[in-house]
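# Structure at a glance
Each chain, letter by letter, is given below.
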Amino acid sequence: MSNIVNLGVLVSGSGSNLQSIIDNIEKGTLPAKIRIIISNTPGAFAIERARKHGIPAVIIEPRGFYSREEYDRKVVDTLKSHDVELVVLAGFMRVLTPLFLRAFPMRIMNIHPAILPSFPGTHGQKKAFDYGVKFSGCTVHFADEGVDTGPIIIQGIVPVYDTDTEETLSQRILKEEHRIYPKAIKLYAEGKLQVEGRKVRVKDHPQPEDSPRHNPPVVDF
Ligand code: GRF
């Protein structure tokens, strides 16, 4: 049995990951409730999505705050006042201060569009594409004080095709993001995530098959 976990989702842009979380909640596949959506930018399309689904959303712009800590305090207060248990960063384009991290220890998730620890920071898809990797993907991890450095919860892998552009690869990765982020939140809601140092163990969950993948495929060896 899963508990319904109260989420606070932080966004800055399109909010397609937010949408996949909303869709899974509405389908009944994710035992969660989004209590509040916070955007740091007024024009974020994610806000439209929130309104469409009747989910409370607020814009907290950084200007007017004296420091990053002061800004984060306001965000933390807003999350706490909505009884948020798990904070979900869904394209939120700010690095969190220790004040924020301390308020939600191992209760802040982020998604990154690359296989960490490769290609952290902005434009992870482009960095991987330009590097010439044969596989890329996405990573859901707990947030810590670094940029995309926290304990890894789940990773999804996609191939890179010779015909790809940065755009087509990014789309393939995004599609995978939409599958793994709700899954990671579900595992949290089910109480299945155990953090031991850098390792996140998933209780009572099947291990992946031992089936190596190659790109290009290795068929004649
Ligand atoms: C995603 O690529 C995510 O991995 C990154 O920011 C992007 C957000 O996209 N952290 P969206 O706003 O969810 O569409």
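Everything discussed here concerns the structure shown above.
As a starting point, this report considers the structure included with it. Within any chain, residue numbers begin from 1 and follow the written order of that chain's sequence. A pLDDT threshold of at least 70 governs which residues receive local features in this predicted model, and a stricter bar of 80 or more applies before side-chain atom pairs are shown or counted, although totals over entire chains, interfaces and linings include all residues. Here the side-chain values reflect all heavy atoms present in the structure, with hydrogen atoms and water set aside.

What follows concerns the overall build of the chain. If you tally the helices and strands in the chain, you get six helices and nine strands. In terms of overall size, the chain behaves like a compact globule, its C-alpha atoms giving a radius of gyration of 18 Å where 221 residues would be expected to give roughly 17 Å. In terms of overall dimensions, the chain has C-alpha extents of about 60 × 40 × 35 Å along its principal axes. A simple rule labels every residue: compare its accessible area, found with a 1.4 Å probe on the protein chains alone, to the largest value its type can have, and call it buried under 20%, exposed over 50%, or partly exposed in between. Evaluated residue by residue, the chain yields a buried proportion of 45% over its 221 residues. Strands here are runs of E lasting at least two residues and helices are runs of H or I lasting at least four, both read from the DSSP assignment and numbered beginning at the N terminus. Our radius of gyration is a C-alpha quantity, and the globule rule it is checked against amounts to 2.2 Å times the number of residues to the power 0.38.

Opposite charge on two side chains allows them to pair when their charged atoms are near. Only one rule defines a salt bridge in this text: a Lys or Arg side-chain nitrogen within 4 Å of an Asp or Glu carboxyl oxygen. Evaluation of the coordinates by the stated rule reveals seven salt bridges. A salt bridge links R63 to E61, with the shortest nitrogen-to-oxygen separation between them at 3.4 Å. By relative accessible area, R63 is classed as exposed at 66%. Taking the shortest distance from any N to any O, the salt bridge between D164 and R172 comes out at 2.7 Å. Taken together, the salt bridges that share partners define one network made up of K186, E190 and K192.

Tracing the chain through its elements places H112 in strand β5 (residues 108-112). Pairs of N or O atoms are called polar contacts if they sit within 3.5 Å, as long as, within protein, a hydrogen donor faces a hydrogen acceptor (for residues adjacent in sequence, only side-chain-to-side-chain pairs). Here F119 takes part through its backbone oxygen, which lies 2.6 Å from a polar atom of the side chain of H112. We call two residues contacting when some pair of their heavy atoms lies within 4.5 Å. Those residues within four positions of H112 in sequence are excluded, and the remaining contacts are F119, P120, G121, G124, G137, C138, T139 and D148.

Nearness is defined per residue: one heavy atom within 4 Å of the molecule or strand is enough. Neighbouring the ligand are S14, G15, S16, N17, G91, I111, H112, P113, Q125 and E177. One of the backbone nitrogen or oxygen atoms of G15 is found 2.7 Å away from an oxygen atom of the ligand. We get accessible surface area from the Shrake-Rupley algorithm with a probe of 1.4 Å; when it comes to residues, only the shown protein chains can shield them. Protein coverage of the free-state accessible area of the ligand, which is 360 Å², stands at 82%. Of all the elements in the fold, those that place two or more residues in the shell around the ligand are α1 (16-27) and β5. For the shell around the ligand, the residue count by class is two nonpolar, seven polar and one charged. Note on residue classes: Ala, Val, Leu, Ile, Met, Phe, Trp, Tyr, Cys and Pro are nonpolar, Asp, Glu, Lys and Arg are charged, and everything else, Gly too, is polar.

Turning to the pairing of strand β8 (residues 193-196), a few remarks are in order. As defined by bridge partners, β8 adjoins strand β9 (residues 199-202) across four bridges and the pair is classed as antiparallel. Considered in β9, the bridge of E196 is made with K199. Connecting β8 to the next strand, β9, in antiparallel fashion are two residues, including G197 with a positive phi near 65°. Strands were regarded as paired on the criterion that DSSP finds at least two bridges between them.

For Phe, Tyr and Trp, rings pair up if their centres lie within 6.5 Å, where Trp contributes its six-membered ring, and each pair is then called stacked (planes under 30 degrees apart), edge-to-face (over 60) or tilted (otherwise). Across all of its chains, the model carries three aromatic pairs by this definition. Measuring from centroid to centroid gives 6.2 Å for F100 and F104, while their planes differ by 55°, and the two rings are tilted. Owing to a relative accessible area of 0%, F100 belongs among the buried residues under this scheme. Over the ring of F104 we find K80, and its NZ or CZ is 4.4 Å from the ring centre. A positively charged side chain is recorded as over a ring if its NZ (Lys) or CZ (Arg) lies within 6 Å of the ring centre. The angle to the ring normal must also be within 35 degrees. In this structure, R94 is placed above the aromatic ring of Y71, and the distance from its NZ or CZ to the ring centre is 4.0 Å.

As for its position among the elements, K134 is in the loop between α5 (124-131) and β6 (135-142). Note on K134: relative accessible area 41%, which makes it partly exposed. Sequence separation between K134 and P105 is 29 residues, and the spatial gap between their C-alpha atoms is 35 Å. The residues contacting K134, other than those within four sequence positions of it, are P159, V160, D162 and N215.

Throughout this description, the term nonpolar core refers to a set of buried Ala, Val, Leu, Ile, Met, Phe, Trp, Tyr and Cys residues connected via side-chain atoms within 4.5 Å. Within the largest apolar cluster, 41 residues are counted, with the highest numbers of intra-cluster contacts made by L7, M109 and I185. Residue contributions to this core peak at nine residues, all from helix α6 (residues 166-189). Counting 20 residues, the second-largest nonpolar core is a separate cluster that includes I36, I60, Y71 and A103.

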